[in-house]
Amino acid sequence: MKVDTGTAPRWMRGVLALAGVYNLAWGAWAVLLPERSFANSGMQRPDQPLHYPELWQCIGMIVGVYGVGYLIAARDPARHWPVVLVGFLGKFFGPVGLAYGVLIGRSSAEGLLTCVPNDLIWWAPFVLILRHAYRSRGGRE
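Identification of the protein as Alkyl hydroperoxide reductase from Gemmata algarum is taken from an unreviewed UniProt entry.

Below, the discussion takes up the nonpolar core. In this structure, L16, V84, F126 and I129 are the most contacted members of the largest nonpolar core, which totals 14 residues. Of all the secondary-structure elements, those providing two or more residues to this core are α1 (10-32), α3 (53-74), α4 (81-103) and α5 (115-136). Among residues more than four places away in sequence, those in contact with V84 are L16, A73, F126, I129 and L130. Counting residues in each nonpolar core, the second largest holds 6 residues, with W26, A30, F38 and W56 among its members.

Turning our eyes to something else, we now look at a nonpolar patch on the surface. On the surface, a cluster of nonpolar side chains totalling about 380 Å² of accessible area is made up of V21, L24, V68, L71 and I72. Going through the elements one at a time, α1 and α3 are the ones with two or more residues in the nonpolar patch. Summarising the element assignment, L71 is placed in helix α3. According to the relative accessible area criterion, L71 is partly exposed, its value standing at 33%.

Turning our eyes to something else, we now look at the confidence of the model for the protein. Looking at the protein as a whole, the pLDDT averages 91, with 94% of positions reaching at least 70. Within the protein, no element has a lower average pLDDT than helix α2 (residues 34-40), which sits at 89, and none a higher one than α1, at 98.

Looking now at the packing of aromatic side chains. In total, this model carries 9 aromatic pairs according to the counting rule given. With a centroid separation of 5.2 Å and 80° between ring planes, the pair formed by Y70 and F126 is classed as edge-to-face. Taken together, the positions of Y70 in helix α3 and F126 in helix α5 put the pair 56 residues apart, joining distant regions of the chain. Plain terms: the ring middles of F92 and F93 are 5.1 Å apart, the flat faces sit at 85° to each other, and that makes the pair edge-to-face. Residue F93 is classed as exposed on the basis of its relative accessible area, which comes to 53%. Ring pairing ties together the aromatic residues Y22, Y66, Y70, W122 and F126, which thus form one cluster.

Calculation notes
- Residues numbered from 1 in each chain as written.
- Predicted model: local features only at pLDDT ≥ 70, side-chain atom pairs only at ≥ 80, totals over all residues.
- Heavy atoms only, no water.
- Core = buried A, V, L, I, M, F, W, Y, C linked by side-chain atoms within 4.5 Å.
- Buried < 20%, exposed > 50% of the residue type's maximum accessible area, 1.4 Å probe, protein only.
- Helix = DSSP H or I, 4+ residues; strand = E, 2+ residues; numbered from the N terminus.
- Contact = heavy atoms within 4.5 Å.
- Patch = residues over 30% accessible without salt bridge, like charges linked within 9 Å, V, L, I, M, F, W, Y side chains within 5 Å.
- Areas by Shrake-Rupley, 256 points an atom, 1.4 Å probe, with all protein chains shown as cover.
- Salt bridge = Lys/Arg side-chain N within 4 Å of Asp/Glu carboxyl O.
- pLDDT = per-residue confidence, 0-100.
- Phe/Tyr/Trp six-rings, centres within 6.5 Å; stacked < 30°, edge-to-face > 60°.

Written out as structure tokens, the structure reads:
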């Protein structure tokens, strides 16, 4: 079925472009300055260093790659809805996993504050973009 492309409201394109730039910036920060970015994330306990900065850098790389995807999706949100869906899933399950870590005492509750700009603020706009994409496809597929 042909997707009704180019009809996404301007705000959807803007949200995805902003998410793309934000993710690229945050990912670069994590890759280039892993100790500092991890310490500022609220997830590091003050008495412990970052033992495996490469893992944090890998997370930064993944976040940056999502940013590239969001910038591509910003051109046509309905057509690139799978990118938005995968991004939403990451922004949903990331905080869920961190909250679980807090509940079992393996993660610092302060780390949940990082979820606000990285994940939670994007939930509603991403869901609305996905809804638009679904409707623009005639509610099918």
